[in-house]
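A closer look at the structure
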Amino acid sequence: MNKIAYTLFVAFVASVLTLLGVNALTDSPAGDDDLREISLAELAEHDSTDSCWKAIDGRVYDITSYIPNHPTPEHVIADWCGQESTEAWEAIGNGRGHSATAAAMLARYRIGVLEGSGLTAADLAEPEATPAPQRQPAAPARAAAAPSASGVAQWADGSYYAELEPDSRGWIALVELTIKDGRIVGAHYDEVQRDDAGNVTGSKLQDYGYAANWRNNRPTDVSQLSAFPGYVEQLIRAGGPQGVDAISGATSAFDSFTAALELALADAEVVERAAPAMPEALGGYRDGTYYAETEPNARGQLALIEITVRDGYIFSVHYDEIGRDEDGNVNLSKRTDYGYAQRWRNAVDSGVSQFSAFPAYVRQLIETGDPEAVDGISGATSTYDWFREVSAEALQDAR
Amino acid sequence: MRAWLKPGYGLLLLLCLLPLLLALPRMLQLWDGGAASSLRVFALATGILAMALLLLAATLSIRLPGLDRFFGGLPQIWLVHRLAGFGAFILIMAHAVVLGFAAVPADLSAAIITLFPPFENWPVWSGWGALLLMVVFLGPTFQFFGRPHYQRWKTLHLLAIPTTLLALAHVFPLAGEFWIWVVLAVLAIGAMVWRKGLSPHLGRYEYEVVGVEKLVRDVVEVQLKPRGKTMPYEAGQFVYLTPMDPNLSAGKGEEHPYTIASSPEDAILRIGIKDLGDASHALQTVTPGTTAYIEGPYGDFYERLYPERDQLWLAGGIGVTPFVGGARHLREADELPGQAGREDANAHLFYLGRDHVRAYYLDELMDIGEHHERLTVTPHYFRDEGPMSEDFLRRHCPDFAEREIYMCGPPAMIDHLKQIFVRAGVPSSRIHSEVFDFL
C-alpha cells in the first residue's frame, strides 16, 4: 500500500508538471506584438472570413483560423469581423457570456490592443479567461412609477404587434398584445428564429431542449418557459410596461421584452380615459373540470375548451382551435402555430393573431365568469363566436 | 475475514456509495458520450468517492469504547481507516489530473485554468490546500521517508483536521448535492471533536500507579488503581495509557496502546509493557504514586463465533498479555473468557518463546493450568524445537484443528501459524489474531 501510494503520488506530480510545462511551452506570448496598437481603421480592414479581426475589451484578436470551428452558423461569428465586438462576446447565452474555456481559447488569438484602449502590459498579464460578468437584474427604475392593477389606460383599444431585429444568434423577439376597454387583456411574447423566407423555424416557448440547456448552464431555476409568461402576466396585471420587473436569471429577455413592447406601442394612439373598473366575476358554478368542443367547420377545424371551476369560480381555461386528421390525431394547434398567426395577421390587416386573441378571451372569461360578458376583439371575431359558443356549452354542465 | 461481516461495515459502505448514487443523475446528464465529458464524469465520480472516503476515515477516528465492536475491534477499524485514507488520497489525485485532462480537448490553457483558476475561485484552491496537507501528513503514514517516529507521526496526523475542513470548503460550493455532505461532515467533525477535544477530558479514567513488577530485563507489569471511577473491561481488551509521571524520560502525557493482563475481577488494573520504543522504555521505571490516565477499553479479543468449541491459544512475546488476562479470569471467575460456551469447554495455550530464560508470565500460567483442568499450558521454545510445527501442535493438542483459535504475537509468527492452520483445513472464520503493529 505504501509503495502504491508513493508511486501514484510521483505520477500525479509528474502529470501536473507535464501539463504545466506543455502549456508554458505552447502558450508563450509573442512578446512585444502583444502590445501593438491597432486602430479602428486597421481593424475595419479585416472584416471578412478571409481575415477576421475583432476587438473585445480593448484587445484585438485575429480569429480567422477559428471561424470554421465555432459552434454556431458562420454568420453569427463572422458578422462581427472588423468591429468592436465586446457586446457580441458577452451577449451570447442570453447575457451569460462565453465560458472560461472559450475565454482561454480566445486569448490565444490575441494580436494586439485597440488604439486608445490604454491597456498596458500589466493589464494583459491579467487573466482574460474570466467569463463575462453576469448582468445584474436591471435597476428597478422603470418599476418606480408602476400603476396599480386597475391601471390607467393609455392606449386605444386594438391589437399591437412588433418584433425586434435578430440578435447576434438570430433570435427575434416578438410581442403581440390586445387592449380592450383600455386594459391589456391578452399578450404574447416569444423569441423565434426565421428562415430566409420568413417562416418561423424555432420558438423558444416551444423549445424544451433550449429550456433544459439553459437551466443546466445556470444556477437559477428559471427558463424561458416560465420567464416569458411571467413577463406577460406582469404586463397584464400592471396594465403597462412600467410595472414589469426583471426576473432574476432572465434579464436579457427582460430587455428584449420591454424593447419589443415599446416598439409595439409606439404607433398606438393614446387616449385619455378613466381607469376601467374590474368587472365582478360571475360565480356559482359547480367545482369540477368541464370540456366541450364545437362541430368541425368546413375546413375540418373545431374549437375546444377545458374549464376548471374552483370554489364556484372559473379558475383556469384552456382554449384552442385545432384540426384533426382522418384517424382523429391533432395535426393543427393554432395556439402554437406561427405560420397560421403570420397568415392571419396579413389577411385581416390587424395586429391580432390567435397568440394574443386566445389568451385575451380566456382572461375575460376568467375575470367575468360569463361567456355573455366576453367582448369581441377586432380582427378575431370568428374566434369570438366559437369561444362564446363552446364556453357556454362547457359551462352548461357546471350549472 | 470475519471483521468484514460486521454490521458497521455495511453502514460504512452505504455511506460511502450514497453520495455517488445521489450524483448519478447529474453525471448522466453531463455525459454526452464524448471523450471530454467522459473524463469529466470520471473526475466527478472520483472526487465524490474520495470525499466520502475522507470523511468516513475521519469518522472512523472516533475511537469510542464499545463502538469498535460493531467493526470487529479497534485494530480492524484502524485498518479500515487506513484503507479509506489511502483510497481518498489516490482518488483525489485522480480527480485533479483527470479534471485537468478533461479540459485539454477544448484547449490546453483551459486545462491549466481548470486546475489553477484565478483566486476568486477559492474552492478549487482550498481543494489544493487539502491535498497538500494530505501529502504532508500521509507522507510518514505511507512511509515515503522511512518508518516514522510514533509520536511525531501522531502529531503530524493532526493535520487531518484542517485537511478535512479545507476539503469541505472545496466540496460544499462545488458539489451539487447538499444534505448527504452535511450528514457525512457532521459525522466526521463530530468524531474529530470528540476524539481531540472532548475525550481527553470526558473519556479518560484517572488511575494511580501502585506498583511496577519487573518480569524480565525488558518487560514489566504496571499495576494501577482507580482514583475515581473504575473502568469496566473484559479479558484481552486493551487501553490507551497516558502516564503523567514527571520523572519519565519520554512519553509523559502521551497516549499509547497497551493490553490489559489482569482479569476483570481484579481490583488492580495490570498492564504488560515491553520495552519497544522511547515511551515504553521509560515506562519500565515509572514512579509508583504518580497519575496515569486510562482510555478504553477497546477490542474484542475473545470474540466467540463458535462458543461450543474448545479454544486454542497461541502467544508469542508480549502477545502473551491478553492470554494472561484470560487465564487469570479463569482462575478468579472459573470461566473461560468470551461468551460462555459448554460447561466443560477448555482452552489450550501454547506459549511460544525463544527459551525458558525469557518466558515471562509462564510460571503463573503453568500454575493456573495445574490447578484448573480447563486450561492446559504448553511452552514451545524456538531454541529447542525450531519453528512451531503442525506435528508439535498435534502431539500436544490432538484436536487443535477443531478449536476456535486465538493468536497474538509478532507478525511473522502470526503468518507462520496461519499457514499451518490453513494447511490443517481450519476455516479462516475460526482464526482470530491480533497484531499490534503501528497503532
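Residues numbered from 1 in each chain as written. Chains lettered and ligands numbered in written order. Predicted model: local features only at pLDDT ≥ 70, side-chain atom pairs only at ≥ 80, totals over all residues.

1. A short note on the overall build of chain B
When helices and strands are tallied, chain B shows 14 helices and eleven strands. Residue pairs in contact within chain B that sit at least 24 positions apart in sequence constitute 74% of those at least 6 positions apart. (Helix = DSSP H or I, 4+ residues; strand = E, 2+ residues; numbered from the N terminus. Contact = placed C-beta atoms within 7 Å.)

2. Looking at the overall build of chain A
A count of helical and extended segments in chain A gives twelve helices and 14 strands. A burial count over chain A gives 33% of its 399 residues as buried. Here the analysis covers contacts within chain A between residues at least 6 apart in sequence; of these, 63% occur between residues at least 24 apart. (Buried ≥ 20, exposed ≤ 12 C-beta atoms within 10 Å, placed from the backbone.)

3. Observations regarding the pairing of strand 2 (residues 219–226) of chain B
All names here are of chain B. Counting buried positions along strand 2 yields six of eight residues, so the element is predominantly enclosed. Here strand 1 (residues 204–216) pairs with strand 2 via eight bridges, running antiparallel. Following the sheet pairing, Y207 is matched in strand 2 by P226. Count of turn residues in the strand 1/strand 2 antiparallel hairpin: two residues. Summarising the sheet, strand 2 and strand 5 (residues 269–274) pair through six bridges and their orientation is antiparallel. Paired with V220 across the strands is I273, a residue of strand 5. (Pairing = 2+ DSSP bridges.)

4. Let's talk about the sheet that holds strand 11 (residues 288–293) of chain A
Residues and elements named next belong to chain A. Read across the open sheet, the four strands follow the order 11-12-13-14; overall the sheet is antiparallel. Edge positions in the sheet fall to strand 11 and strand 14 (330–333), since each of these pairs with one other strand and no more. Strand-to-strand, the axes of this sheet are offset by a mean angle of 30°, without reference to chain direction. In the packing of helix 12 (residues 381–396) onto the sheet, the strands contacted are strand 11, strand 12 (301–310) and strand 13 (313–324), and the crossing angle to strand 12 comes to about 45°. (Axes fitted to C-alpha atoms, helices over the stretch in contact; angles between N-to-C directions.)

5. What about the confidence of the model for chain B?
Looking at chain B as a whole, the pLDDT averages 90, with 98% of positions reaching at least 70. Scored by ipTM, the complex comes to 0.79, with pTM at 0.57. (pLDDT = per-residue confidence, 0-100.)

6. Points about the packing of helix 2 (residues 35–60) of chain B against helix 3 (residues 74–102) of chain B
Residue and element names in this part refer to chain B. Packing of helix 2 against helix 3 brings their axes to within 7 Å, and their N-to-C directions diverge by 155°. By the angle class used here, helix 2 and helix 3 are roughly antiparallel. For the pair helix 2 and helix 3, the sense of crossing is left-handed. Within the contact of helix 2 with helix 3, the residues separate by chemical class into 22 nonpolar, six polar and one charged. (Parallel < 35°, antiparallel > 145°, perpendicular 65-115°, else oblique. Left-handed = near helix turned anticlockwise from the far one by under 90°. Nonpolar A, V, L, I, M, F, W, Y, C, P; charged D, E, K, R; others polar.)

7. Regarding the sheet that holds strand 11 (residues 431–434) of chain B
All names here are of chain B. Taken in spatial order, the five strands make up an open sheet running 9-8-7-10-11, and their pairing is parallel. If you trace the sheet from one side to the other, it starts and ends with strand 9 (375–381) and strand 11, each paired once. On average, each strand axis in the sheet is tilted by 15° relative to the strand beside it, whichever way the strands run. Across the face of the sheet, helix 11 (residues 362–371) comes into contact with strand 8 (347–353) and strand 9 while running at roughly 145° to strand 9.

8. A short note on the UniProt feature "signal peptide" (unreviewed entry) in chain A
The residues that UniProt annotates with the feature "signal peptide" (unreviewed entry) are residues 1–24 of chain A. Between the C-alpha atoms that bound residues 1–24 of chain A the distance is 34 Å, and the span itself is 96% helix and 0% strand. (UniProt positions renumbered as here; feature names shortened; annotations may be inferred.)

9. Structural notes on the nonpolar core
Counting 140 residues, the largest nonpolar core has L53 and L349 of chain B as the members making the most contacts within it. Here this core gets 17 residues from one element, more than from any other, and that element is helix 3 of chain B. If we ignore the near neighbours within four places in the chain, the residues touching L349 of chain B are W313, A315, F323, L365, L375 and V377 of chain B. Counting residues in each nonpolar core, the second largest holds 57 residues, with A187, A260, I314 and A357 of chain A among its members. (Core = buried A, V, L, I, M, F, W, Y, C linked by C-beta atoms within 7 Å.)

10. A word on the interface of chain A and chain B
Of the residues lining the interface, 24 residues belong to chain A; the matching set on chain B comes to 21 residues. Counting residues per element, the ones that place at least two in the side of chain A that touches chain B are helix 1 (2–26) and helix 5 (100–107) of chain A. Ranked by residues supplied to the side of chain A that touches chain B, first place goes to helix 1 of chain A with 13 residues. Of the residues in the side of chain A that touches chain B, the class split is 16 nonpolar, seven polar and one charged.

11. What to know about the UniProt feature "transmembrane region" (unreviewed entry) in chain B
Residues and elements named next belong to chain B. UniProt records the feature "transmembrane region" (unreviewed entry) at residues 41–62, 83–104, 124–144 and 178–194, using the numbering of this structure. Secondary structure content for residues 41–62 is 91% helix and 0% strand, and the end C-alpha separation is 33 Å. Span residues 83–104 is 91% helix and 0% strand, its end C-alpha atoms 32 Å apart.

12. A word on unusual backbone geometry
Put simply, G296 of chain B and P297 of chain B share a cis peptide bond, and its omega is 0°. By secondary structure assignment, the location of P297 of chain B is in strand 6 (residues 291–298). Its identity as a non-glycine residue notwithstanding, D57 of chain A has a phi of 55°, on the positive side. For D57 of chain A, the location among the structural elements is in the loop between strand 3 (51–56) and strand 4 (59–62). With phi around 55°, D334 of chain B is a residue other than glycine that occupies positive phi space. Turning to its location among the elements, D334 of chain B is positioned in the loop between helix 10 (321–333) and strand 8. For D334 of chain B, a count of 9 C-beta atoms within 10 Å gives the class exposed.

13. Re helix 1 of chain A
Compared with the 36 Å implied by 1.5 Å per residue over 25 residues, the 36 Å span of helix 1 of chain A between its first and last C-alpha is a close match. Among the residues of helix 1 of chain A, those classed as buried are A5, F9, L19 and N23 of chain A. If you follow the buried residues of helix 1 of chain A, they end up packed against helix 3, helix 4 (108–115) and helix 5 (122–141) of chain B. (Expected span 1.5 Å × (residues − 1).)

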